[in-house]
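Residue strings, one per chain:
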Amino acid sequence: MTFRQRLMLLTACAIALTVAATSFAVWQVAQHELLGQVDASLASGSSPYARVATMIVAPDGSHGGLALPVTSRMLAVANGQASPYFASTTLNGVHIREYVSQEPSGATVVATDLHPTDRALARIRFWAFLIGGAGILIAAGLAAFVAAAALLPVRRLTAAAESVAATGDLSERVEHGADDELGRLATRFNEMLAALEESNLTVIQHDLLTDDLPAAAFDFIHARAVLEHVADREHA
C-alpha cells in the first residue's frame, strides 16, 4: 500500500468515524427526548400518544387494575423503601413504558404503549443510517481529494529526485510556493543540488587543469627545442 493510499484510508476512516458517532449521538438524543416526553405525560397522568392504564399495588403485593407483573421494585416503592421510577417493559408482546410512584395506599403504576415512540425512533434510526452511509461515501471522496492535494509537493520532490538519479542532471530544481514543512524540504533539496552542482564543476575544472598541464609543458619544451635548433643553424 502506497503512502497516498494509507493517507486516504486514514482520512476516510477518521471522517467515517466522526459521521457514525454523530449519527449515533443524534439517535441517542432523539430517544432521550422522546422518552422524556412520554415520562412527563405519565407523571401527569395523561398521554397524547396512547391510552394510559393504571394499576394500584398494595404493600402486601395485592393489586388491581392493569394486569402488570408485580416486581420487587414495585413492592419496595409501595412500602416506601424505594423512590419512584420509570421503566420500559413488555406486556403480551407490547412494548410499554411505566411510571411507579408512591401513594398512601401503596404504589400507583401508570403505563402507556410505546408503539408510537418506537415507530418514530425507527424512522430516526433509518434516516441516521442513510445519512451516515452517504456521509461515509462523501468522506471517501474527500479523503481522495485531500490526499491528492496534500501529497502534490511530495510527488514533485519524488519526481525531481528520480530525474536526478536517472539523468545525473544536477540542474534539476523543485518548484514550491508554500512556506510550510514541505516547502522548506524542497528548498533544502534545491540547495543540496546547487551545492553538488558547484562541487561537481570545481572537480571538473581541477581535473581539466591537472590533465592539460603535462601536455602544455611538453608543447612548451618542444617549441623551445625547435627554436634553439633554428637559432643554432643560423649562427652556423
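This is a predicted model, so every value here is computed, not measured. By convention here, each chain's residues receive numbers from 1 onward along its written sequence. Where local features are concerned, this predicted model is filtered to residues with pLDDT of at least 70; where side-chain atom pairs are given and counted, the filter is 80 or more; whole-chain, interface and lining totals use all residues. Values reported for side chains reflect all heavy atoms of the structure, with hydrogen atoms and water molecules removed beforehand.

Colleague: Any chance you could break down unusual backbone geometry for me, citing the residues and the numbers?
Modeller: The phi torsion at asparagine 92 lies on the positive side, around 55 degrees, for a residue other than glycine. Helix and strand definitions here come from DSSP, where helices need a minimum of 4 consecutive H or I residues and strands a minimum of 2 consecutive E residues; each element is numbered from the N-terminal end. Of note, asparagine 92 is situated in the loop between β3 (85–91) and β4 (94–103). The exposure class of asparagine 92 is exposed, given its relative accessible area of 74%. A simple rule labels every residue: compare its accessible area, found with a 1.4 Å probe on the protein chains alone, to the largest value its type can have, and call it buried under 20%, exposed over 50%, or partly exposed in between.

Colleague: Can you break down the confidence of the model for the protein residue by residue, with the values?
Modeller: Reading predicted coordinates in detail is not appropriate for stretches of low pLDDT. Scored by pLDDT, the protein comes out at a mean of 76, with 79% of its residues at no less than 70. pLDDT runs from 0 to 100 and stands for how confident the predictor is about each residue. For the protein, the element scoring lowest by mean pLDDT is helix α5 (residues 181–235), at 61; helix α2 (residues 72–78) scores highest, at 87.

Colleague: Explain the packing of aromatic side chains to me, using residue names and the numbers behind them.
Modeller: For any two aromatic rings, the description comes down to two numbers: the centre-to-centre distance and the angle of the planes. Ring pairs shown here join Phe, Tyr and Trp side chains whose ring centres sit within 6.5 Å, with only the six-membered ring taken for Trp; geometry is labelled stacked below 30 degrees between planes, edge-to-face above 60, and tilted in between. The final tally for this structure, using the stated rule, is 2 aromatic pairs. Both rings, one in phenylalanine 86 and one in tyrosine 99, keep their centres 4.4 Å apart while their planes meet at 25 degrees; by these two values the pair is stacked. Of the two residues, phenylalanine 86 sits in strand β3 while tyrosine 99 sits in strand β4, which places them 13 residues apart along the sequence. The interplanar angle of 75 degrees and the centroid separation of 5.5 Å between the aromatic rings of phenylalanine 126 and tryptophan 127 together place this pair among those described as edge-to-face. Look at NZ for Lys and CZ for Arg. If either is within 6 Å of the ring centre and within 35 degrees of the ring normal, a charge sits over the ring. Across from the ring centre of tyrosine 85, 3.7 Å away, lies the NZ or CZ of arginine 73, which sits over that ring.

Colleague: Which residues make up the packing of helix α3 (residues 115–150) against helix α4 (residues 152–167), and what values go with them?
Modeller: Axis separation between α3 and α4 bottoms out at 4 Å; the angle between their running directions is 45 degrees. What the angle tells us is that α3 and α4 run oblique. Contact residues: Ala148, Ala149 and Ala150 in α3; Leu152, Pro153 and Arg155 in α4. Residues were grouped as follows: Ala, Val, Leu, Ile, Met, Phe, Trp, Tyr, Cys and Pro as nonpolar; Asp, Glu, Lys and Arg as charged; and all remaining residues, including Gly, as polar. Tallied by class, the residues present in the contact of α3 with α4 amount to 5 nonpolar, no polar and 1 charged. Between N-to-C directions, angles cover 0 to 180 degrees, with each direction set by a line fitted to C-alpha atoms, over the stretch in contact for helices. Working rule for angles: under 35 degrees goes down as roughly parallel, over 145 as roughly antiparallel, 65 to 115 as roughly perpendicular, anything else as oblique. Residues are treated as being in contact if the distance between any of their heavy atoms lies within 4.5 Å.

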